[in-house]
Amino acid sequence: MTKKVTRRMAADRPYLPPGLATSDTRQNILVVALRLFAEHGFEGASMRDIANEVGMKAASIYSHYASKEQLLLELLRFGHEEHNRRIRSALNAAPDECIAQLSAAVRAHVRMHTDYPMLAAVSNTELHALSTEAGSPVLALRANTEAMLAEVVRKGVQSGVFQVPHEWLAVAVIGGMGLRVAHWYTPDFELDGDGISDIYVEYALRVLGVSGTRPEQRT
């Protein structure tokens, strides 16, 4: 009797940003590892499982990646770098006004999770599997990304546009809403990534005490 596996997330295709791997073989290994880590967790997928999916002998995997932890580290680094880059670029392109800045950051945050749901989910849930030494650069990058959003919220509170009982908790709520998108989103959802991100902007502004005016849509 075949054991039924409960899916951990709705997405079933492991997309990665282009140009990450130095060879087709390394790219294939990364894609397979991403899917298995997303579906089964880091501990639930072995190097043998990855090798079987790629069509290689398990020993051959180690000529490309020294360990399963290195594979995870590569994926987490890619995920956090892409997330950070998108938010930074969005903030730089947006008008220097707190609602516009907040809207740009939230859209970038949510779109990361609709464009690369498996990568985002693994980046958000499997960091604990890395050693402290291996994970520290990724944690630093995550802290930098969080600080960008926190700065937007802080400026909005100082200017009196945002009204919140606790700034850091507001940042946590807004960030957490976006994180969960990776677990339920699929391309056949009734709204595309832009439509979802526009609505999440409205929700985020409500968290920050801005209501009564629907935020301006993307251009």
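Everything numeric here is computed off the predicted structure, so don't read it as measured data.

On to the overall build of the protein. In terms of helices and strands, the protein carries nine helices and zero strands. Along the chain direction, N to C, the helices and strands of the protein fall in the order α-α-α-α-α-α-α-α-α. Compactness check: the protein gives a C-alpha radius of gyration of 19 Å against a globular reference of 17 Å for 219 residues, within 12% of the reference. A principal-axis box enclosing the C-alpha atoms of the protein has dimensions of 60 × 40 × 30 Å. Considering only contacts in the protein between residues 6 or more positions apart, those separated by 24 or more positions represent 70%. When the accessible surface of the protein is totalled, it reaches about 11600 Å², and 52% of it is carbon and sulfur.

Moving on: the pattern of salt bridges. When the charged atoms of two side chains lie near each other, side chains of opposite charge can form a pair. Under the defined criterion, the tally for this structure stands at 13 salt bridges. Between E82 and R86 there is a salt bridge, with its nearest N and O atoms 2.9 Å apart. In this pair, E82 and R86 both sit in helix α4 (residues 68–93), four residues apart, roughly one turn of the helix. Summarising the burial analysis for this pair, E82 and R86 share the class buried.

The next point concerns the packing of aromatic side chains. Tallied over the entire structure, the rule returns four aromatic pairs. Taken together, a centroid distance of 5.0 Å and an interplanar angle of 55° make the contact between W184 and F189 tilted. Looking at R26, its charged tip hangs above the ring of Y65, at a distance of 4.2 Å from the centre.

Okay, the layout of surface pockets next. Quantified by volume, the second largest pocket comes out at close to 410 Å³. Elements with a minimum of two residues in the lining of the second largest pocket: α4, α5 (98–115), α6 (117–125), α7 (132–158) and α8 (167–184). Considering every element that reaches the lining of the second largest pocket, the biggest residue donor is α8, with five residues.

In this section: the nonpolar core. With 37 residues, the main nonpolar core has F37, I50, L71, L72 and L75 as its most contacted residues. Contributions of two or more residues to this core are made by α1 (24–40), α2 (47–54), α3 (58–61), α4, α6 and α7. Filtering out sequence-adjacent residues up to four positions away, L75 remains in contact with L16, L30, A33, L34, F37, L119 and S123. In this structure, A90, C98, V152 and F162 belong to the second largest nonpolar core, which totals 29 residues.

Moving on, we get to α6. Of all nine residues that make up α6, seven are buried, and the element is covered over most of its length. When we look at burial in α6, the residues that qualify are P117, M118, L119, A120, A121, V122 and S123. Among the structural elements, α1, α4, α5, α7 and α8 are those in contact with the buried residues of α6.

Following both chains from N to C, one finds α1 and α4 inclined at 90°, their axes separated by 10 Å at the closest point. Between α1 and α4, the interaxial angle falls into the category roughly perpendicular. Touching R26, I29, L30, A33, L34 and F37 of α1 are K68, L71, L72, E74, L75 and F78, all from α4. Within the contact of α1 with α4, the residues separate by chemical class into nine nonpolar, no polar and three charged.

Parameters at a glance
For every chain, the first residue of the written sequence is number 1, and numbering continues from 1 onward in sequence order. Selection of residues for local features in this predicted model requires a pLDDT of at least 70, selection of side-chain atom pairs for listing and counting requires 80 or more, and totals for whole chains, interfaces and linings are taken over all residues. Heavy atoms throughout the structure, all of them, feed into the side-chain values; hydrogens and water do not. Segments assigned H or I by DSSP are reported as helices when at least four residues long, segments assigned E as strands when at least two residues long, and all are numbered from the N terminus. Note on method: radius of gyration uses C-alpha positions; expected globular size equals 2.2 Å times residues raised to 0.38. Only heavy atoms matter for contacts: two residues are in contact if any of them lie within 4.5 Å across the pair. Using a 1.4 Å probe, the Shrake-Rupley method yields the accessible areas, and only the shown protein chains count as cover for residues. The salt bridge criterion pairs a side-chain nitrogen of Lys or Arg with a carboxyl oxygen of Asp or Glu, the two atoms within 4 Å. Here's how the labels work: a residue is buried when its accessible area is under 20% of the maximum for its type, exposed when over 50%, partly exposed in between, all with a 1.4 Å probe on protein chains only. Paired rings are identified among Phe, Tyr and Trp, the last through its six-membered ring, by centres lying within 6.5 Å, and are further divided according to the angle between planes into stacked (under 30 degrees), edge-to-face (over 60) and tilted (the rest). A positively charged side chain is recorded as over a ring if its NZ (Lys) or CZ (Arg) lies within 6 Å of the ring centre. The angle to the ring normal must also be within 35 degrees. Grid points spaced at 1 Å over the protein atoms alone were grouped into cavities, where a 1.4 Å probe fits but cannot get out, and pockets, open sets with protein on both sides within 12 Å along at least five of seven lines, with lining residues defined by an atom within 4 Å of a point. Grid points are joined across faces, edges and corners, and a volume is the space filled by probe spheres set on the points. Remark: nonpolar core denotes a set of buried residues (Ala, Val, Leu, Ile, Met, Phe, Trp, Tyr, Cys) joined through side-chain atoms within 4.5 Å. With axes taken as lines fitted to C-alpha atoms, and helix axes fitted only over the stretch in contact, angles between N-to-C directions fall between 0 and 180 degrees. For this classification, under 35 degrees means roughly parallel, over 145 means roughly antiparallel, 65 to 115 means roughly perpendicular, and everything else is oblique. Under the scheme applied here, ten amino acids are nonpolar (Ala, Val, Leu, Ile, Met, Phe, Trp, Tyr, Cys and Pro), four are charged (Asp, Glu, Lys and Arg), and all others, including Gly, are polar.

Read these as geometric descriptors, not functional statements.
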